[in-house]
Amino acid sequence: MKNKITGRSAFLALLKDEGITHLFGNPGTTELPIMHALKDHPDLTYVMAMQESLVVAIADGYSRASGKLVACNVHVAPGLGNAMGSLYNAQFTGTPMILTAGQQEQGHGLMEPVLYGPLVRMAEPLVKWAVEVTRLEDLPRVVRRAAKVATTPPTGPVFISLPGDILNSEAGIDLGRSTRIDARTKPSDDALRAFAARLLKAERPVIVTMDEVVKSDALKEAAELAELLGAAAYQSSTPYGSHFLSDSPSFVGTLARVQKAARDTLAPSDLLIALGGDPLRMSVHSEVDALPDGLGIVQVGLADWEIAKNYGAEIALKAELKETLRALIPVLKELGGTTLASRARQRLAELAPKNWTARRAALIEQISKSAGRTPIDPDFLVLQMVEAMPDHAILVDEGLTSSRQITALRPHRDRYGYHGLASGGIGWGLPASVGVSIANSDRPVVCFSGDGSAMYSIQALWTAAHHKLPLNVVIANNGGYRIIKQRLLAFHGDDNYVGMDFVDPPVDFAGIAKALGCEAIRVSDPRELKAALASAFGRPGTKLIEVMVDGKV
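Okay, so let's go over this structure. (Residues numbered from 1 in each chain as written. Predicted model: local features only at pLDDT ≥ 70, side-chain atom pairs only at ≥ 80, totals over all residues. Heavy atoms only, no water.)

**Some words on the overall build of the protein chain**
Phase 1 of the analysis: Helix and strand content of the protein chain: 21 helices and 20 strands.
Phase 2 of the analysis: The C-alpha atoms of the protein chain give 25 Å as radius of gyration, which agrees with the globular expectation for 553 residues (24 Å, within 12%).
Phase 3 of the analysis: Along the first, second and third principal axes, the C-alpha atoms of the protein chain reach 70 × 65 × 45 Å.
Phase 4 of the analysis: The 553 residues of the protein chain split such that 59% are buried.
Phase 5 of the analysis: When contacts within the protein chain are restricted to residue pairs at least 6 apart in sequence, those whose partners lie at least 24 apart make up 77%.
Phase 6 of the analysis: Total accessible area computed for the protein chain in this model is approximately 22,500 Å², and 52% of it derives from carbon and sulfur atoms. (Helix = DSSP H or I, 4+ residues; strand = E, 2+ residues; numbered from the N terminus. Rg over C-alpha atoms; globule rule 2.2 N^0.38 Å. Buried < 20%, exposed > 50% of the residue type's maximum accessible area, 1.4 Å probe, protein only. Contact = heavy atoms within 4.5 Å. Areas by Shrake-Rupley, 256 points an atom, 1.4 Å probe, with all protein chains shown as cover.)

Structural data, given as structure tokens:
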């Protein structure tokens, strides 16, 4: 006879057995069974955020900073609706996430009560799998399957609707066991040799890396490949993570998310080696194609939808990056011999004056000329922030226009040291940094945000203050949506910026932060900037540093 257990307690026990240590949520009436059961699971930390979009963004940040499966719970149809923007972000980055929502009791939902909605249909476009539990006996199978689906590459969020009668009922059920699919595959020997032969045939190969380098922990191997070939290496045009080791002599920087600029960068090359997903994801339409005519592509990755999605590949391998590169590098050395080594030395010597390290030195010299400007130059703010950050700090970036030089100044040295906005859906950065900090309690976290982005999710500061996180939020206050002003002027020749300013009245970010329980300061004098940042970064607790920057277009 199986021991009887309530659905609510079984749900939490299943999450814990799947490796969940934190449940991120915002409770409502239909979630009260879960809140009731938490007292029987004191080893599961509940993290409350003050709106459902923040709940999902905090969980997303936690997962991106740890590589772990996460779970979050929102409140019925409006709560799921609130969470959709953040769920879109999580889908974009392939975050392994179990998102649940309380649902009205079966039968009662047929009456369409207040807050009711078809949760599964609402979630389906943005998740790998969506399901509603209809029998308590099926709950273990549903949760186990959800965890397996979320964590199997290509990873991504899943959704479970939890009716109240399922959570409140009791039965003798078997909780089953957890399953993880080992996807560390590598190509066949024949495929590896063909791939290596194609790389060796290229006279001017270029490498473009994406987020699978982070997910598979292949930073070291990607750099080794680039240096072995003497190939220039770039992050893709959406560089939302530590996608390449900045100090490598092969690393040049980030491809522009502008078609003509990307095309001009790639034009001298005769082979594009794509490590991961879409190497040329753009934002705004252009008549110019980002891929130069005649440039061949070879590609490796597990996200088969992304492989050759927009541009055909001569060789496409569905395989895990780390395992593939580990197997490929010895084959390259064997086939390339001394000729490869000699050619790589020559190529790296040619790259030396224009690689990331050389460009950074020139950029610092250029930015330093604006040290005395008032209002503060945004690039100067970024330089001072980067120089004030402890070496082991983690940077979360949603500065948009103000952060244009961040990846050119802050080196990527570990897979979890940098997290940037990926999908373009703003408001992610501040709550994500809360999740990043919870996942890395031994590392200080700096969140760099624009003022427009911060206003989407400013109440996430309360969660950070409540948990006493070592989090520093730097807000570049330029008084409006500068990126939209730039694009209105560039694309339409119009400088009538309707609905793009918040200056009448101005937003007092330092005041908001204090009201939410954080230490806060405002800096408007560039001479005080570095000392103020270094002092804040060196103290415990959650702090907001509002920096008044130049907002001119």
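**So, the nonpolar core**
Phase 1 of the analysis: Membership of the largest hydrophobic core comes to 57 residues, with the highest contact counts inside it found for Phe24, Phe159 and Leu461.
Phase 2 of the analysis: It is helix α3 (residues 52–66) that provides the largest number of residues to this core, a total of eight residues. (Core = buried A, V, L, I, M, F, W, Y, C linked by side-chain atoms within 4.5 Å.)

**Details of the environment of proline 27**
Phase 1 of the analysis: Looking at where proline 27 falls in the secondary structure, it is placed in the loop between β2 (22–25) and α2 (32–37).
Phase 2 of the analysis: Separated by 25 residues in the primary sequence, proline 27 and glutamate 52 have C-alpha atoms spaced 9.3 Å apart.
Phase 3 of the analysis: Non-local contacts of proline 27, meaning those with residues more than four positions away in its chain, are made with Met35, Tyr46 and Met48.

**Side note on the packing of aromatic side chains**
Phase 1 of the analysis: Applying the stated criterion across every chain, the model contains four aromatic pairs.
Phase 2 of the analysis: Here phenylalanine 92 and tyrosine 240 contribute two aromatic rings whose centre-to-centre distance is 6.2 Å and whose plane-to-plane angle is 65 degrees, an arrangement assigned as edge-to-face. Linking phenylalanine 92 in helix α4 (residues 76–93) with tyrosine 240 in the loop between β10 (232–235) and β11 (251–254), this pair joins segments that are 148 residues apart in sequence.
Phase 3 of the analysis: Look at phenylalanine 92 and you get partly exposed, because its relative accessible area is 21%.
Phase 4 of the analysis: When its relative accessible area of 10% is taken as the criterion, tyrosine 240 is described as buried.
Phase 5 of the analysis: Each ring, one from phenylalanine 244 and one from phenylalanine 251, has its centre 5.4 Å from the other, and the planes form 20 degrees; the classification is stacked. The residues phenylalanine 244 and phenylalanine 251 share a single accessibility class, namely buried. (Phe/Tyr/Trp six-rings, centres within 6.5 Å; stacked < 30°, edge-to-face > 60°.)

**A closer look at the sheet that holds β2**
Phase 1 of the analysis: In space, the six strands of this open sheet follow the order β3-β2-β4-β5-β7-β6, with parallel pairing throughout. If you trace the sheet from one side to the other, it starts and ends with β3 (45–48) and β6 (130–132), each paired once. Across this sheet, the average inter-strand angle for adjacent strands is 20 degrees, counted without regard to direction.
Phase 2 of the analysis: As paired strands, β2 and strand β4 (residues 70–75) are joined by three bridges and run parallel to one another. (Pairing = 2+ DSSP bridges. Axes fitted to C-alpha atoms, helices over the stretch in contact; angles between N-to-C directions.)

**Observations concerning the side chain of glutamine 104**
Phase 1 of the analysis: Among the structural elements, glutamine 104 can be located in the loop between β5 (97–103) and α5 (119–123).
Phase 2 of the analysis: Among the polar contacts listed, one links the side chain of glutamine 104 to the backbone oxygen of valine 114, at a separation of 2.9 Å.
Phase 3 of the analysis: Excluding residues that lie within four positions of it along the chain, glutamine 104 makes contacts with Thr30, Val76, Gly109, Pro113, Val114, Leu115, Tyr116, Pro163 and Gly164. (Polar contact = N/O pair within 3.5 Å; in protein donor to acceptor, adjacent residues only side chain to side chain.)

**Describing helix α19 (residues 482–492)**
Phase 1 of the analysis: When we look at burial in α19, the residues that qualify are Arg482, Lys485 and Leu488. Projected down its long axis, α19 carries its buried residues within an arc of 125 degrees, all on one side.
Phase 2 of the analysis: Against α14 (378–388) lie the buried residues of α19.
Phase 3 of the analysis: In the segment just after α19, glycine 493 is the residue with positive phi, at about 65 degrees. (Arc of directions from axis to C-beta.)

**A word on the packing of helix α13 (residues 356–368) against α14**
Phase 1 of the analysis: α14 packs onto α13 with a crossing angle of 120 degrees between their chain directions and a minimal axis gap of 9 Å. Taken as axis vectors, α13 and α14 run oblique relative to one another. The hand of the α13/α14 crossing is left-handed. Contacts from Arg360, Ile364, Ile367 and Ser368 of α13 reach α14 at Asp379, Phe380, Leu383 and Val386.
Phase 2 of the analysis: For the contact of α13 with α14, the per-class residue count stands at five nonpolar, one polar and two charged. (Parallel < 35°, antiparallel > 145°, perpendicular 65-115°, else oblique. Left-handed = near helix turned anticlockwise from the far one by under 90°. Nonpolar A, V, L, I, M, F, W, Y, C, P; charged D, E, K, R; others polar.)

**Here we look at the state of the cysteines**
Phase 1 of the analysis: Inspection of every chain in the model, using the stated rule, returns zero disulfides.
Phase 2 of the analysis: Left unpaired, cysteine 72 is separated from the closest cysteine sulfur, that of cysteine 447, by 19 Å.
Phase 3 of the analysis: Judged by its relative accessible area of 1%, cysteine 72 falls in the buried class.
Phase 4 of the analysis: Considering cysteine sulfurs only, cysteine 518 is the nearest to cysteine 447, which forms no disulfide, with 12 Å between them. (Disulfide = S-S within 2.5 Å.)

**Digging into the sheet that holds strand β9 (residues 205–209)**
Phase 1 of the analysis: With respect to topology, six strands assemble into an open sheet ordered β11-β10-β9-β12-β13-β14, the strand pairing being parallel. Both edges of this open sheet fall to β11 and β14 (315–318), since each of them pairs with a single strand only. Strand after strand, the sheet turns through a mean of 20 degrees between neighbouring axes, direction not considered.
Phase 2 of the analysis: Pairing of β10 with β11 involves three bridges; the strand directions are parallel. Counterpart to tyrosine 234 in the pairing with β11 is glycine 253.
Phase 3 of the analysis: Helix α10 (residues 219–229) rests against β9, β10 and β12 (271–275) of the sheet, and its axis sits at about 165 degrees to β12.

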